[in-house]
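Understanding the architecture of this molecule
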Amino acid sequence: MALTPLDIHNKEFTRTFRGYDEDEVNEFLDQVIKDYEKVIREKKEYEEEVADLKERIGHFNDIETTLNKSILVAQETAEDVKNNANKEAKLIIKEAEKNADRIINEALSKSRKITLEVEELKKQAKVFRTRMKMIVQAQLDMIENDDWDELFEMELDQTDEEQNTEEYQLSDNQS
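Residues numbered from 1 in each chain as written. Predicted model: local features only at pLDDT ≥ 70, side-chain atom pairs only at ≥ 80, totals over all residues. Heavy atoms only, no water.

The subject of this paragraph is the environment of Val32. Examined against the element boundaries, Val32 turns out to sit in helix α2 (residues 22-144). Here the alpha-carbon distance between Val32 and Ile8, two residues 24 residues apart in the chain, equals 8.2 Å. (Helix = DSSP H or I, 4+ residues; strand = E, 2+ residues; numbered from the N terminus.)

A contiguous patch of negative charge, built from Glu42, Glu45, Glu48, Glu49, Asp52 and Glu55, is present on the exposed surface. Looking at where Asp52 falls in the secondary structure, it is placed in helix α2. (Patch = residues over 30% accessible without salt bridge, like charges linked within 9 Å, V, L, I, M, F, W, Y side chains within 5 Å. Areas by Shrake-Rupley, 256 points an atom, 1.4 Å probe, with all protein chains shown as cover. Salt bridge = Lys/Arg side-chain N within 4 Å of Asp/Glu carboxyl O. Lys, Arg positive; Asp, Glu negative; His and termini not counted. Charge placed at Lys NZ, Arg CZ, Asp CG, Glu CD.)

Of the residues in the chain, 86% reach a pLDDT of 70 or more, and the chain-wide mean stands at 86. No element of the chain has a lower mean pLDDT than helix α3 (residues 147-174), at 66, and none a higher one than α2, at 93. (pLDDT = per-residue confidence, 0-100.)

Within this structure, the stated rule accounts for three salt bridges. Salt-bridge contacts for Lys43 lead to Glu47; the nearest nitrogen and oxygen are separated by 3.4 Å. Placement of the pair is Lys43 and Glu47 together in helix α2, with a separation of four residues, close to one helical turn. With a shortest N-O distance of 3.8 Å, Lys122 and Glu119 are connected by a salt bridge. Taken together, the residues Lys122 and Glu119, both in helix α2 and three residues apart, mark about one turn of the helix. Overall, Glu119 belongs to the partly exposed group, its relative accessible area being 38%. (Buried < 20%, exposed > 50% of the residue type's maximum accessible area, 1.4 Å probe, protein only.)

See below:
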């Protein structure tokens, strides 16, 4: 068991014939008591400081643990976000490729359809041209036909006959 300042203070020594000077011993004991009380007080302060530091260390250890967990969660979350973004990007690319293929196929289909329509229009234009050519040729043939000359002659003949008839009638009227 450790000595207390009170134990030192209350300590009584037995007296002997040729012993130490009592005042000197008491004075020394008073000094020991003061120093011992000071050491005990410092020890108590240090113990309180150690307890406070241990508490702070515990607090900082808790913060460190929490931060480590937070960092791990953040890393996992970042990895999840990155993976999800990659998946979404792949889906977007696949969708874009599908749309591109669809658009290309539609364009090719329209192009084929237009090509067929153009070919059909060309055929129709050729047929129309041929028919028009035939009609114009028939008209030219009709114009160049000798029937026109006969028609003009007939009219002239009729016109001559009409004039003759008129002249005859005039001469009959005059007579």
